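# Coordinate analysis (summary)
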Amino acid sequence: ALLPILNFPDPRLRTKAKQVEVVDDQIRTLAADMLETMYAAPGIGLAASQVDRHIQLIVMDLSEEKNQPMVFINPRITPLTEDTQPYEEGCLSVPQIFDKVERPARVKIEALDLDGKTFTLEADGLLAVCIQHEMDHLDGKLFVDYLSPLKRQRIREKIAKAERIREKER
Ligand SMILES: O=C(O)C[C@@H](Cc1ccccc1)C(=O)SCC(=O)c1ccccc1
Ligand SMILES: [Zn+2]
C-alpha cells in the first residue's frame with residue numbers, strides 16, 4: 001500500500017527510531033509498502049521515519065530498472081576513510097529542494113536483512129551517500145540541517161508558500 005510521506009518541517013521527522021526487536025511479517029509488510037511508496041515517489045531510498053514509523057528500517061533501490069531493492073534493519077555504518085565527498089542530495093520529505101552535502105566517501109554497513117540475518121556491505125559512490133542520508137532520517141536528521149540557517153529559512157518559506165498555493169487550488 002502507498003504510505004503518506006511526512007514533509008519538512010513536520011516535527012515527527014525529528015523522532016529517533018527504535019531498534020527492531022523481531023523481524024516478523026509486520027516488518028516485511030512495512031518494508032514492501034515502503035518500497036512501493038519509494039518507487040511511486042519516485043525515489044532511490046526511504047527511511048521508516050519518513051512514513052511516520054519510528055523503527056530502524058531503510059529501503060533503497062539505486063538500479064535503473066527499479067528491480068534491485070535493498071532492505072536494511074538496525075543498520076550500523078562506520079566510515080572507511082577520512083575523505084569526504086560533496087554530493088547534490090534531494091529528499092522526499094523536502095520536495096523540490098536539492099543541495100550539496102559533504103559525507104565520508106566510503107562506509108561499511110552492517111545490518112539485518114528481512115530474514116533477520118546479519119550482513120555487511122562496503123559502499124562508495126551514490127550507495128554510500130544514500131545510506132548515510134537514510135541513516136540520518138532514523139536519527140531525526142535531515143540533509144537541510146547541514147545547510148546554512150539562511151538557506152534552511154528560505155526552504156521553510158518556499159515550502160509554506162507552495163502549501164498555501166495548494167490550499168487555494170483545493
Ligand atoms: O528522502 C529520501 O530519503 C529519498 C532520497 C534519497 C537520496 C537521493 C539522492 C541523494 C541522497 C539521498 C531520494 O530518493 S530524493 C529523489 C532522487 O534523488 C531521485 C529520484 C529518482 C531517481 C533518482 C534520484
Ligand atoms: Zn530524505
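Residues numbered from 1 in each chain as written. Chains lettered and ligands numbered in written order. Predicted model: local features only at pLDDT ≥ 70, side-chain atom pairs only at ≥ 80, totals over all residues. Heavy atoms only, no water.

### With respect to the site of ligand 1
What surrounds ligand 1 is a group of 14 residues, the closest being I44, G45, Q50, L92 and E134. The separation between an oxygen atom of ligand 1 and a polar main-chain atom of I44 is 2.8 Å. Between an oxygen atom of ligand 1 and a main-chain N or O atom of L92, the distance comes to 2.8 Å. Here ligand 1, which alone exposes 530 Å², has 79% of that area covered by the protein. Spatially, ligand 1 is embedded in the largest pocket. Split into classes, the residues belonging to the shell around ligand 1 amount to six nonpolar, six polar and two charged. (Near = heavy atom within 4 Å. Polar contact = N/O pair within 3.5 Å; in protein donor to acceptor, adjacent residues only side chain to side chain. Areas by Shrake-Rupley, 256 points an atom, 1.4 Å probe, with all protein chains shown as cover. 1 Å grid on protein atoms, 1.4 Å probe; cavity = no way out; pocket = protein on both sides within 12 Å on 5 of 7 lines; lining within 4 Å. Sits in = over half its atoms within 2 Å of the grid points. Nonpolar A, V, L, I, M, F, W, Y, C, P; charged D, E, K, R; others polar.)

### Observations concerning the sheet that holds strand β1 (residues 45–47)
Spatial ordering of the open sheet is given by β1-β2-β3-β6-β7, a layout of five strands whose pairing is antiparallel. Sheet topology places β1 and β7 (118–124) at the edges, where each strand pairs with a single neighbour. This sheet shows a mean twist of 40 degrees between the axes of neighbouring strands, independent of strand direction. Two elements, strand β3 (residues 70–79) and strand β6 (residues 106–112), share five bridges in a ladder whose sense is antiparallel. Along β6, the bridge assignment pairs T78 with K108. In this fold helix α1 (residues 25–40) packs onto β1, β2 (57–60) and β3, with an angle of close to 40 degrees to the strand it touches most, β2. Together, β1, β2, β3, β6 and β7 form the strand contacts of helix α2 (residues 125–138), whose direction differs from that of β2 by roughly 150 degrees. (Pairing = 2+ DSSP bridges. Helix = DSSP H or I, 4+ residues; strand = E, 2+ residues; numbered from the N terminus. Axes fitted to C-alpha atoms, helices over the stretch in contact; angles between N-to-C directions. Contact = heavy atoms within 4.5 Å.)

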